[in-house]
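Results of the structural survey
Listed here are the chains, written in short residue letters.
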Amino acid sequence: MCGIVGAAAKRDIVPVLVEGLRRLEYRGYDSCGVAVQINNTLQRVRTVSRVADLDTQIQTHAIHADTGIAHTRWATHGAPSTRNAHPMLSREQIALVHNGIIENHDALRVRLQALGYVFESQTDTEVIAHLVHSLYAGDLFSAVAAAVKQLEGAYAIAVVARDQPQCVVGARAGSPLVIGVGLHEHFIASDALALAGTTNQIAYLDEGDVAEILPDQFRVQNAHGDAVVRTVQTVRVDESGAALGPYRHYMQKEIFEQPRALADTLEGIESPAPELFGEQAPAYFARVKQVLVLACGTSYYAGLVAAQWLETLAKIPTRVEIASEYRYRESVPDPDTLVVVISQSGETADTLAALRHARSLGQTITLAICNVASSAMVRETQLRFLTRAGAEIGVASTKAFTTQLAALFLLALSLAKVRNTLPEQTIVAQMRHLRHLPRAVSAVLALEPQLMAWAARFATRQHALFLGRGLHYPIALEGALKLKEISYIHAEAYPAGELKHGPLALVTDAMPVVTVAPNDALLEKVRSNMAEVRARGGELYVLTDAHTQVLTEEGVHVVRLAAHYGLLSPVLHVVALQLLAYHTAVTLGHDVDKPRNLAKSVTVE
Ligand code: M6R
């Protein structure tokens, strides 16, 4: 959600801090700031504008320094304002940036106020800055180590002290933090991506670690206070994602990258096999009796599609749960469950907590479907499949979703193979279909002009209803989520059969009704639901396939995909809905890649 960058070097690191923030900005963009240590003073610049504005201010003040920290914020405690922007200062001696949420901030604030500390912001972060200051006696590392012992909640922090040149101290619990190693310089960041172009030598900090970076060395202490070694690895940070190329927005670029992303994800995979998910997968897949999918947002909708594939193809009972619900409810655990977490980032706090909760209940066969190899989820699961969508910058997830679907389809076929639920020729035919997906998606992208025409009409509406059935109900949900998150048009999705059980009351000529109506076994049922809408004057926007009897007429707009794509049809229909949402938001003049109130990775609860 928020982003941290810090550096201790023997050169001017301000450009590195700014570039790091630029790379992280898509994750949180309510405000940003830097604090650097210069000649035994701390200098701070903050703005509620974007990193570009921060950079201008830095240039205007000609700020250069060899030590500093920087932050881009997604507001949790306290509105987005300059006053609440990080870094927080304590008595001009300590500067601190923070990702996460401190749950006991109220109690700590009362104690610190009693010690005479004056609070200038409404943030929980300022509490940590004053706490570190209250414990500081010339050794920042010890002060931070002592301070974090008093924190409850999730945090990744980076701290500098006025009196300690060329030193940055970081600590993490519940939010990621990495150390970057350079020649006579070290860095700290909430994601290796921030350091792309500066270093690819990365050490990942563990839960409870406290670390100190100096130009020529770094050291780490674990949660028990023992000195530990965190191995430095060479990581492949995808920098290509950062370039916009000919596109107007990252979301547009990412929608159009889907054929490539799918091809990369499926590269080298000739046939489904448990080994694709890890060395131990054959043994586990032979043992599991059910599947439990845990995820949030778009990734949850991928899970809903996958559940139908898993039950249809592999005949394995599958449950899909919203991670933030599962983690707090009483459930009946079964050790022979395959727990699948789906996440673009692999850092979503609720999904990570749900995974840990599932494990704590004895469900230890865990699989991550994830787009980030170095993420916590990939590190904490026994099995994994990495989607190769490349960096997804737009807050609205697009290519991550379709590549998750490809991975989940492979999972269903692999389990089908192990469980012997499909004839070999069916598996071969389904694989052929899967490998053809990149081309089929390209054909959907060619429908963009028609979806732009729909978007022009949607941009004048306040509400929209999305309908789908079977495999396409989750696609209706995803279409509605895409539209609401970037166009701010209120959108709801229903299984089309539920229409008459309530939502039909909303249908008037002011309510566009998007219906996902592929040429499958449920088409006639969906057509009846469409007739119910038309009978109430509702305007229909129908996504269908070639050869259906769904025709354009008064009040019925039709976009037709090429021939029906069988079980993989959701992957195609969703692309059309992504384009609809994108062009609606563009027509309305919204900041498509950074929609209001949202952030890319939700690393706080
Ligand atoms: O990184 P994750 O896939 O775990 O993220 C889950 C959701 O936060 C994410 O899909 C969110 O719903 C997107 N903004 C939707 O476009």
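Before reading further, recall that the structure is shown in the block above.
Residues numbered from 1 in each chain as written. Predicted model: local features only at pLDDT ≥ 70, side-chain atom pairs only at ≥ 80, totals over all residues. Heavy atoms only, no water.

So, on to the layout of surface pockets. The rolling of a water-molecule-sized probe over the atoms marks out the regions of remaining empty space. When its volume is computed, the second largest pocket comes out at roughly 610 Å³. Lining the second largest pocket are 28 residues, and of these C296, G297, T298, K600 and V602 lie nearest its centre. Elements supplying a minimum of two residues to the lining of the second largest pocket: α9 (297–313), β18 (337–343), α11 (349–360), α13 (399–419) and α16 (473–487). The leading source of residues in the lining of the second largest pocket is α9, at three residues. (1 Å grid on protein atoms, 1.4 Å probe; cavity = no way out; pocket = protein on both sides within 12 Å on 5 of 7 lines; lining within 4 Å. Points joined across faces, edges and corners; volume = space filled by probe spheres on them. Helix = DSSP H or I, 4+ residues; strand = E, 2+ residues; numbered from the N terminus.)

A separate point is empty space enclosed by the protein. As enumerated under the stated definition, the model contains three cavities of 30 Å³ or more in all. Considered as a void within the structure, the largest cavity measures approximately 60 Å³ in volume. As for the largest cavity, its lining consists of C2, R73, W74, T76, H77, H86, H98, G100, T123, D124 and T125. Here the lining of the largest cavity is built from residues that sort into two nonpolar, seven polar and two charged. (Nonpolar A, V, L, I, M, F, W, Y, C, P; charged D, E, K, R; others polar.)

The next subject is the environment of E448. Note on placement: E448 falls in helix α15 (residues 448–458). Using a relative accessible area of 15% as the deciding quantity, one classes E448 as buried. Distance from E448 to L580, taken between C-alpha atoms, is 8.3 Å for residues 132 residues apart in sequence. Ignoring sequence-local partners within four residues, the contact set of E448 consists of Q252, F256, L579 and H583. (Buried < 20%, exposed > 50% of the residue type's maximum accessible area, 1.4 Å probe, protein only. Contact = heavy atoms within 4.5 Å.)

Moving on to the sheet that holds strand β20 (residues 383–386). Spatial ordering of the open sheet is given by β17-β16-β18-β19-β20, a layout of five strands whose pairing is parallel. Each edge of the open sheet carries a strand with a single partner, namely β17 (318–322) and β20. Within the sheet, the average angular offset between the axes of one strand and its neighbour, ignoring direction, is 20°. Pairing analysis gives five bridges linking β18 to strand β19 (residues 366–370), with the strands arranged parallel. Within the sheet, the bridge partner assigned to I342 lies in β19 and is I369. Lying over the sheet, α11 contacts β16 (290–295), β18 and β19, oriented at roughly 150° with respect to β16. (Pairing = 2+ DSSP bridges. Axes fitted to C-alpha atoms, helices over the stretch in contact; angles between N-to-C directions.)

A cis geometry characterises the amide bond from H86 onward to P87, with omega recorded as 0°. Take P87: it is sitting in the loop between β4 (67–73) and β5 (88–90). A positive phi angle, near 60°, is found at N40, a position not held by glycine. Position of N40 relative to the elements: it lies in the loop between β2 (31–38) and β3 (41–47).

In the structure shown here, the tally under the stated rule is seven aromatic pairs. Taken together, a centroid distance of 5.8 Å and an interplanar angle of 45° make the contact between F277 and F285 tilted. By relative accessible area, which is 0% here, F285 ends up buried. An aromatic cluster is defined as three or more aromatic residues linked by ring pairs; in this entry it consists of F277, F285 and F385. (Phe/Tyr/Trp six-rings, centres within 6.5 Å; stacked < 30°, edge-to-face > 60°.)

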